[in-house]
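Residue-level structure breakdown
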Amino acid sequence: MIDSVAARLNAGDGSVVVWLGEAGIGRSTLLRAATDRISAAVDDVHCINVSARGVRGGPLAAIGFVIHQLLPSIPPIRSEALDRLLRPGADADPDPSELMRAAIQVIRAAAKDRPLLITVDDGQIAEDGNWSAVSAAAAQLASTRAAVLFTGGVDGSGRAPLTSVGPLWVRRINPLPPDATVRVVQEVVAHFVPRSVAARLGRRLAGNPAAIKDVCEALSRDELLGLTPLPVPLPADAATLEKYRRWIGDLETTHFTLVLAAALAVRPSPPVLESVAGAEIAEVRGLGGEPWARIRNDLVEFADPRLASAILKSATHRQVNQIHAALAEASADPVAALWHRAEVGDPLDPAEVDILARAADAALDAGDYLGSLRTARQALACMPRGARRAEVALTAGTAAYHETYVGLAATLLHEAARAAEDPDLRHRALAALCLSIAARDGSAPYALADAALGPLGQERPVLAASLACLVARIASDSQQIDVARGYLGRAEALAATAGVSRTDPSGPDGVAHRLITELDHTRSWVGVSRAGAARPIDYLSTVTTTRPAQDLTGWDLAVRQVTLLTRAEDWQQARFALAEVEHRQSGLASRMVAAATSVTGLDLHLSVGAVQEAQEIVSAVSDELPLRMPFAGIGLCLVARTLILRDLAETAQEWLESARRFAQSTGSPAVLVRIPAELALLARVKGDAEGAARLLGIAVQRASHFGHHEFAHLQLDLLEARQVAGLETRTDEVMPVLEFAWGGGDATSTQRAMLSAARLLAAPKDRLLASALAAVDAAEWQPSPLWAARVMELAAGILGSLTPQEHEEQVLRLAVSDVPPDRDDHRRALYQKAYG
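Residues numbered from 1 in each chain as written. Predicted model: local features only at pLDDT ≥ 70, side-chain atom pairs only at ≥ 80, totals over all residues. Heavy atoms only, no water.

Thoughts on the pattern of salt bridges
- On inspection of all chains with the given rule, the structure shows 49 salt bridges.
- Note that Asp-556 and Arg-560 form a salt bridge whose closest N and O atoms lie 2.9 Å from each other. Residue Asp-556 and its partner Arg-560 are located together in helix H26 (residues 552–567), separated by 4 residues, close to a single helical turn. Assigned by exposure class, Asp-556 and Arg-560 land together as buried.
- A salt bridge links Glu-733 to Arg-730, with the nearest nitrogen and oxygen atoms 3.7 Å apart.
- Among the ionic contacts, a cluster of salt bridges with common partners joins Asp-179, Arg-183, Arg-195, Asp-623 and Glu-654. (Salt bridge = Lys/Arg side-chain N within 4 Å of Asp/Glu carboxyl O. Helix = DSSP H or I, 4+ residues; strand = E, 2+ residues; numbered from the N terminus. Buried < 20%, exposed > 50% of the residue type's maximum accessible area, 1.4 Å probe, protein only.)

Structure representation (structure tokens):
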């Protein structure tokens, strides 16, 4: 649109552009950008900038300001209207139509010698009737080398004609789209902000950039990192207060009470709110006549969550306390009544506190984790120290973990573990605490585990062994394999102390039987397989307790099972296991388990080349779930790889930047290795073979340093990249590593295919055809179409180093009938297989 305005000015025609939008939506920023763009496109343009906020008197005063700015630059003109406006003692409040005629005359005169651009920022269009005047002015300026850019608020704009007809353009500035709000948050905040948190902020602030900036400055570091919940409502910002200032000021007393009660109520049911306020919800009309609230599941929700921030900012401390007291009295729900009483500091007796504690447990079992967390924390605030406090802290911490607020969860669970007297309760608190700290820091809490295993091992060695297994798996996530195997050894010793064996899996409530399964699982996870094991692990049911939401160890094992089956290339069983976990976690409604399930799903789909299915996961959850938390942040890199393979390089780079900032804040070895590997894939897709080889060299160095489990795979990638780039490689140093890693009898089909590809890369010239045929044959038996296509493309490229005569001689020597003797025909067939 702005380019069209500039083109019209260059052609001698004028335009009027009006942008309407709420405060903070970006009107001034857009106006400055438009001014710069027109100034660059139109030679010798004369700019007059008016800020209506700096000119008292509204639109009429702004028009008068323009006239006075232009008069010195034009020759004297005869105009009765202008004479009346400028003579001494002229009316301070001139007739609008007369003022407009004078302004048009002055603008025409000023635009005769050079193009003219007038910008009016934050003007006011108070009544619908003014739009006819705007249209008339645009028509009169259509044949003049003058353009007017005008921004104004939506209040009072009425039925503004959103038009693009002739010289008049009227547009409303829309909120920022989700991707843009994420970028605004990440640019405003100096430290790492997870994409899921940034997207949530953007939604709750309706895509208003000024509101996003103000609120980000008011939030704590832990809130922006997603470690603790965002405040509900969010802190009030200047743009929101400006938007609702007049509306709130015009509310009747009962209507103000109704809206404030809706912002404060823990369960804002319509009858309770209307009883407290003495007014009906339908009586209150929202901003612009739109509804201010909607009723969903018999509860009142704000149509714009920002209104709750504005109404609370407008209320006094006394009014807030009065509303809480009134809500406590009016609430039929005893839990809600107790919650409101506690909010104003009323003392609760032990029986009332126990009601809150039992309500928190019920909410946890029902999957209402935010409700459970809120109620349990209120009970803790009113509860003395004791055994019951440990149970409530465990409930609150578990709820916080499921909602991914792992910083708050760690605080609550640490209190639960320290106060727990029962070994089983302490074990559950410690297991949840280890998972929370791992999600928060990207590594296992070794000091905590070491301090806890001794006492717990003396009381219940079976439980201590389970905790040691959990720490081993977490250590493996961050590539600390030796440490992981050390904890596995401690788990096996504790299991032996408890007398747990596969031949006699006795134990209370099947705990010992479960430990045997968990030990097998952990051995496979850290690379210590049992002799004679047919698969990494038998199917593991997560329904091992009567309260699945508290069985965090069971969920951890069930999700990891999908990855174990993926590593074992048992694709069908992996898909079955993933579907089962997805089905069960949908009933659990845990954001943390859903994030872990999504990461394992991405790993499975990418392993078999199902990029479209991986993209569907990314599209569905990438802005909703904290994919950085499970498995030391590897999910960020899996998302980036998916986007690269879907040719979405720009978005992939944004995810890799998030991964870099995450690794910078946590030091996660898994992410530090994968970032250059994914960047190498991006370089390869762009055709930069040398850049891919350089980045893979960095990835291999880091993998070697950390003992990364994909070290051999990265070595092959580097070998291939250097071959494609025409760089020399010491294959005599690399091949022994790959032969050792993948040459054993227990190698999977993918590993055998990768070894065949490596042998092709290292093959002497007289063995190229035989090695190429072996690599292609191995790839065709491998289930990933991406890997098969990659090997066929590689074989076709390497065969190009043979002369046609050398190719024909090797075909004859091998006596293969299904290979074209012509080199180019053979290469063409391989390329067709790769890309078909």
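What follows continues from the structure just given.
Description of H26
- Between its first and last C-alpha atoms H26 spans 23 Å; for 16 residues at 1.5 Å apiece the expected length is 22 Å, and the two agree.
- With 15 of 16 residues buried, H26 lies mostly within the body of the structure.
- Just downstream of H26, Glu-569 is the residue with a positive phi angle, here 60°. (Expected span 1.5 Å × (residues − 1).)

Focus: the packing of helix H38 (residues 785–799) against helix H40 (residues 823–835)
- Relative orientation of the contacting elements H38 and H40 amounts to 160°, with a least axis distance of 8 Å. Taken together, the axes of H38 and H40 lie roughly antiparallel to each other. The interaxial crossing formed by H38 with H40 has left-handed handedness. From H38, Ala-789, Met-792, Glu-793, Ala-795, Ala-796, Gly-797 and Leu-799 reach across to H40, where they touch Arg-823, His-826, Arg-827, Leu-830, Tyr-831, Lys-833, Ala-834 and Tyr-835.
- Tallied by class, the residues present in the contact of H38 with H40 amount to 9 nonpolar, 2 polar and 4 charged. (Axes fitted to C-alpha atoms, helices over the stretch in contact; angles between N-to-C directions. Parallel < 35°, antiparallel > 145°, perpendicular 65-115°, else oblique. Left-handed = near helix turned anticlockwise from the far one by under 90°. Contact = heavy atoms within 4.5 Å. Nonpolar A, V, L, I, M, F, W, Y, C, P; charged D, E, K, R; others polar.)

Details of the pairing of strand S7 (residues 293–296)
- Looking at chain direction, S7 and strand S8 (residues 299–302) are connected through 4 bridges and run antiparallel. Considered in S8, the bridge of Ile-295 is made with Val-300.
- What sits between the antiparallel neighbours S7 and S8 is a turn of 2 residues, in which Asn-297 has the positive phi angle 55°. (Pairing = 2+ DSSP bridges.)

Details of unusual backbone geometry
- Of note, the amide linkage connecting Val-232 to Pro-233 takes the cis form, showing an omega dihedral of -5°.
- By the element assignment, Pro-233 lies in the loop between helix H10 (221–224) and helix H11 (238–249).
- Its identity as a non-glycine residue notwithstanding, Ala-206 has a phi of 55°, on the positive side.
- Mapping Ala-206 onto the fold places it in the loop between helix H8 (195–204) and helix H9 (209–218).
- The class of Ala-206 is partly exposed, set by a relative accessible area of 29%.
- Positive phi outside glycine occurs at Asp-298, with the angle close to 65°.
- Using a relative accessible area of 61% as the deciding quantity, one classes Asp-298 as exposed.

Considerations on the side chain of Arg-591
- Within the secondary structure, Arg-591 is located in helix H28 (residues 591–607).
- It turns out Arg-591 is buried and unbridged, and the closest side chain with the opposite charge, Glu-403, is 4.5 Å from it.
- Here the side chain of Arg-591 touches Glu-403 through a polar contact of 3.1 Å, landing on its backbone oxygen.
- Setting aside anything within four residues of it in sequence, one finds Arg-591 in contact with Arg-200, His-402, Glu-403, Thr-404, Glu-624, Leu-625 and Pro-626. (Lys, Arg positive; Asp, Glu negative; His and termini not counted. Polar contact = N/O pair within 3.5 Å; in protein donor to acceptor, adjacent residues only side chain to side chain.)

Concerning helix H20 (residues 406–419)
- Here H20 is 14 residues long and its end C-alpha atoms lie 20 Å apart, about the 20 Å a rise of 1.5 Å per residue gives.
- A large share of H20 lies buried, amounting to 10 of its 14 residues.
- Listed in full, the buried residues belonging to H20 are Val-406, Gly-407, Leu-408, Ala-409, Ala-410, Leu-412, Leu-413, Glu-415, Ala-416 and Ala-417.

Comments concerning the confidence of the model for the protein
- Summing up the model confidence of the protein, the mean pLDDT is 86 and the portion of residues at 70 or higher is 88%.
- Every residue in residues 530–544 is under pLDDT 50, and counting partners more than four places away or in other chains gives 32 contacts. (pLDDT = per-residue confidence, 0-100.)

Observations regarding the side chain of Ser-598
- Mapped onto the elements of the fold, Ser-598 is located in helix H28.
- Exposure remark for Ser-598: the relative accessible area of 10% places this residue in the buried category.
- If sequence neighbours within four positions are ignored, Ser-598 has contacts with Ile-617, Val-621, Leu-625 and Leu-627.

Considering the packing of aromatic side chains
- With the rule as written, the count across this model stands at 5 aromatic pairs.
- Measuring from centroid to centroid gives 6.2 Å for Tyr-244 and Trp-247, while their planes differ by 70°, and the two rings are edge-to-face. Taken as a pair, Tyr-244 and Trp-247 lie in helix H11 at a separation of 3 residues, close to a single helical turn.
- Accessibility expressed as a relative area gives 11% for Trp-247, which makes it buried.
- The ring of Trp-525 has Arg-567 sitting right over it, with the charged end atom 4.4 Å from the ring centre. (Phe/Tyr/Trp six-rings, centres within 6.5 Å; stacked < 30°, edge-to-face > 60°. Lys NZ or Arg CZ within 6 Å of the ring centre and 35° of its normal.)

Brief notes about the packing of helix H7 (residues 178–188) against H8
- Where H7 contacts H8, the axes come no closer than 8 Å and their chain directions differ by 110°. Overall, the two elements H7 and H8 adopt an arrangement that is roughly perpendicular. The hand of the H7/H8 crossing is right-handed. Every residue of H8 that contacts H7 at Asp-179, Thr-181, Val-182, Val-185 and Gln-186 is listed here: Arg-195, Ala-198, Ala-199, Leu-201 and Gly-202.
- Residue classes in the contact of H7 with H8 are distributed as 5 nonpolar, 3 polar and 2 charged.

Details of the pairing of strand S4 (residues 146–152)
- Burial analysis of S4 places 7 of its 7 residues in the buried class, which makes it a mostly covered element.
- Going residue by residue along S4, you find Ala-146, Val-148, Phe-150 and Gly-152 tucked away on one face and Ala-147, Leu-149 and Thr-151 tucked away on the opposite face as well.
- Two elements, strand S1 (residues 15–20) and S4, share 6 bridges in a ladder whose sense is parallel. The residue bridging Val-16 from the neighbouring strand is Val-148, located in S4.
- Across 6 bridges, the pairing between strand S3 (residues 116–123) and S4 is parallel. Its bridge partner being in S4, Leu-116 is matched across the sheet by Ala-146.

Quick word on the environment of Trp-555
- Inspection of the secondary structure puts Trp-555 in helix H26.
- Taking the C-alpha atoms as reference, Trp-555 lies 9.6 Å from Ala-596; in sequence the two are 41 residues apart.

Some thoughts on the environment of Asp-822
- Here Asp-822 shows up in the loop between helix H39 (804–814) and H40.
- In this structure, the C-alpha to C-alpha distance between Asp-822 and His-807, residues 15 residues apart in sequence, is 7.2 Å.
- Reaching out from Asp-822, the side chain makes a polar contact with the backbone nitrogen of Asp-824 at a distance of 3.1 Å.

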